[in-house]
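Understanding the architecture of this molecule
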Amino acid sequence: MENPPVSSISFVIRLFVEDVGSCGERRWRGTIQHVPSGDQVSVKTLAGVTEFIEVYLRRLGIGLSGGVDDRDARDRGLET
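Fair warning: this is a prediction, and the values are worked out from it, not measured in the lab. (Residues numbered from 1 in each chain as written. Predicted model: local features only at pLDDT ≥ 70, side-chain atom pairs only at ≥ 80, totals over all residues. Heavy atoms only, no water.)

Regarding the sheet that holds strand β3 (residues 40–43)
Under the convention used in this document: Whether two strands pair comes down to DSSP finding at least two bridges between them. Labels follow the DSSP assignment, with helices taken as runs of H or I lasting at least four residues and strands as runs of E lasting at least two, numbered in each case from the N terminus. Comment: axis = line fitted to C-alpha atoms, over the contacting stretch for helices; angle = value between 0 and 180 degrees taken between N-to-C directions.
In spatial order, the strands read β1-β2-β3; together these 3 strands make up an open sheet with antiparallel pairing. With partners counted over all chains shown, the strands left at the sheet margins are β1 (11–20) and β3, one partner each. Sheet twist, expressed as the average angle between the axes of neighbouring strands with direction ignored, equals 15 degrees. With 4 bridges joining them, strand β2 (residues 25–34) and β3 adopt antiparallel strand pairing.

Things to note about the side chain of His34
To keep things clear, this is the line we draw: Per-residue accessibility, obtained with a 1.4 Å probe over protein chains only, is compared with the maximum for each type, and a residue is labelled buried under 20%, exposed over 50%, and partly exposed between these values. Under the rule applied, a polar contact is a pair of N or O atoms within 3.5 Å (in protein, one hydrogen donor and one hydrogen acceptor; residues adjacent in sequence only if both atoms are side-chain atoms). We call two residues in contact whenever any of their non-hydrogen atoms come within 4.5 Å of each other.
With respect to the helices and strands, the residue His34 is situated in strand β2. Take His34: its relative accessible area is 9%, and that puts it in the buried class. Engagement of the side chain of His34 in a polar contact is seen with the side chain of Ser37, the distance being 2.8 Å. Residue contacts for His34: discarding those within four places in its chain leaves Ile9, Ser10, Phe11, Asp39, Phe52 and Tyr56.

Dropping the structure here:
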């Protein structure tokens, strides 16, 4: 029996670090773009990134998981 085809979704995430004020405070902002459609939004929080991605996952009938797969995180040397 063959495996079903894998669906993929491509996004481009651009992050920018800005200096704010004279005390050296920094913050980030960014944009996320859905590559096939060209849809793009500005984001200032990680929640904004995940909300944008979740729209496209739902269209494929996929819910957003709770986070990074622990096994994958360990393989990449990340703490979970």
